[in-house]
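Below, each chain spelled out in residue letters.
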Amino acid sequence: GDKVKQSPSALSLQEGTNSALRCNFSIAATTVQWFLQNPRGSLINLFYLVPGTKENGRLKSTFNSKESYSTLHIRDAQLEDSGTYFCAAEAGMLSGSFNKLTFGAGTRLAVCP
Amino acid sequence: EAAVTQSPRNKVAVTGGKVTLSCNQTNNHNNMYWYRQDTGHGLRLIHYSYGAGSTEKGDIPDGYKASRPSQENFSLILELATPSQTSVYFCASGDASQGISNERLFFGHGTKLSVL
């Protein structure tokens, strides 16, 4: 099954509205990263999270490790927010070892005028 | 902002041919990664590296080799390309300033590879 499951898989928003994207983990995630893949294909790092909340402009992300989920809130959506949002989780804290990121399949967001 | 540059941006190869995808990062990051992106799968890790001279297998290494000749450069090599390797390939480097197990990734723009 999916170790990192994102929902919804696709979303359409009116400009100026708010929404939330979610990631559920079936692995013991210790850190989470959120990325935006813009329509040109570039992957932009939005957030790096340990358990807790971070905010950057109209974006806010929360990572709850105990309940194994992370959310990305978009406030006052703009046309340039369109793209595919990926979350990725790192599991475990093995001393001296490399912990790989596991990506979700993404949420395709379209912001409409 | 970290700079990761991939080349070429687009590549068409023939089945059985050799393909080399190149990646360069100018931020002195120790860790570098190659992912492929396919519809419905998100990004999957092919190979990664801890530093110059190191290459490690990721989740889907079959059919791929990697080379890290220097801190800045990490190549992905397809010795005998197959149509199933048609994909978009992303290179990334890791800022491990918080420790090797806590790093933020920065991606290149991707290479679109078509194997005919």
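Up top is the structure these notes are about.
Keep in mind the model is a prediction, meaning the values are calculated, not measured.

Enquirer: It is not clear to me how the overall build of chain A should be interpreted in this structure. Could you clarify?
Expert: Check the secondary structure of chain A and you find zero helices and 11 strands. Ordering the α and β elements of chain A from the N terminus gives β-β-β-β-β-β-β-β-β-β-β. Here the C-alpha atoms of chain A give a radius of gyration of 14 Å, agreeing with the 13 Å that 2.2 N^0.38 yields for 113 residues. For chain A, the spread of C-alpha atoms along the principal axes amounts to about 50 × 25 × 25 Å.

Enquirer: Looking at this structure, I do not really get the overall build of chain B. What am I missing?
Expert: Helices and strands together make up the secondary structure of chain B, namely zero helices and 11 strands. Starting at the N terminus, the α and β elements of chain B follow one another as β-β-β-β-β-β-β-β-β-β-β. Here the C-alpha radius of gyration of chain B, 13 Å, is about what a compact globule of 116 residues would show, namely 13 Å. Once the C-alpha set of chain B is aligned to its principal axes, its extents read approximately 40 × 30 × 25 Å. Counting across all 116 residues of chain B, residues that qualify as buried make up 51%. Look at the contacts in chain B between residues 6 or more apart in sequence, and 55% of them connect residues 24 or more apart.

Enquirer: What am I meant to see in the environment of I74 of chain A here?
Expert: Residues and elements named next belong to chain A. Mapped onto the secondary structure, I74 falls in strand β8 (residues 69–74). C-alpha separation for the pair I74 and S19, spaced 55 residues apart in sequence, amounts to 5.4 Å. The residues touching I74, leaving out its near neighbours within four places in the chain, are T17, N18, S19, R58, L59, D81, Y85 and L109.

Enquirer: Teacher, can you tell me more about the nonpolar core here?
Expert: Nonpolar side chains tend to gather and get buried jointly when the protein is soluble and globular. All names here are of chain A. Residues V4, F25, W34, L46, F47, L72 and Y85 are the most contacted members of the largest nonpolar core, which totals 23 residues. Breaking this core down by element, the ones donating at least two residues are β3 (19–25), β4 (29–37), β5 (43–49), β7 (59–64), β8, β9 (83–91) and β11 (107–112). In terms of residues, this core owes the most to one element, β4, which gives four residues. Setting aside residues up to four positions removed in sequence, F47 forms contacts with V32, Q33, W34, K54, E55, N56, L59, K60, S61 and L72.

Enquirer: Hey, could you run me through the sheet that holds strand β3 (residues 19–25) of chain B in this one?
Expert: What links the strands of a sheet is backbone hydrogen bonding, and the strands pair in either a parallel or an antiparallel sense. All names here are of chain B. Judged by pairing direction, the sheet is antiparallel, and its four strands sit side by side in the order β1-β3-β8-β7 without closing on themselves. Both edges of this open sheet fall to β1 (4–7) and β7 (65–67), since each of them pairs with a single strand only. Here the strands of the sheet are splayed against their neighbours by 20° on average, with no regard to which way each runs. Alignment of β7 against strand β8 (residues 75–78), held across three bridges, turns out to be antiparallel.

Enquirer: Looking at this structure, how should I read the interface of chain B and chain A?
Expert: A common way to report how large an interface is uses the accessible area buried once the components associate. On the side of chain A, 20 residues touch chain B, which itself brings 20 residues to the contact. A buried area of about 1,900 Å², summed over both sides, lies between chain B and chain A, and 55% of it is on carbon and sulfur atoms. Taken together, chain B and chain A are joined by zero salt bridges. In this assembly, chain B and chain A are joined by five residue pairs in polar contact (both at pLDDT 80 or more). Going through the elements one at a time, β4 (31–38), β5 (42–49) and β10 (104–107) of chain B are the ones with two or more residues in the side of chain B that touches chain A. It is β5 of chain B that provides the largest number of residues to the side of chain B that touches chain A, a total of four residues. Taken together, the residues of the side of chain B that touches chain A sort by class into 10 nonpolar, seven polar and three charged.

Reading the values: rules and limits
- Residues numbered from 1 in each chain as written.
- Chains lettered and ligands numbered in written order.
- Predicted model: local features only at pLDDT ≥ 70, side-chain atom pairs only at ≥ 80, totals over all residues.
- Heavy atoms only, no water.
- Helix = DSSP H or I, 4+ residues; strand = E, 2+ residues; numbered from the N terminus.
- Rg over C-alpha atoms; globule rule 2.2 N^0.38 Å.
- Buried < 20%, exposed > 50% of the residue type's maximum accessible area, 1.4 Å probe, protein only.
- Contact = heavy atoms within 4.5 Å.
- Core = buried A, V, L, I, M, F, W, Y, C linked by side-chain atoms within 4.5 Å.
- Pairing = 2+ DSSP bridges.
- Axes fitted to C-alpha atoms, helices over the stretch in contact; angles between N-to-C directions.
- Buried area = accessible area lost by both parts, 1.4 Å probe.
- Salt bridge = Lys/Arg side-chain N within 4 Å of Asp/Glu carboxyl O.
- Polar contact = N/O pair within 3.5 Å; in protein donor to acceptor, adjacent residues only side chain to side chain.
- Nonpolar A, V, L, I, M, F, W, Y, C, P; charged D, E, K, R; others polar.

In short, shape yes, function no, at least from these values alone.
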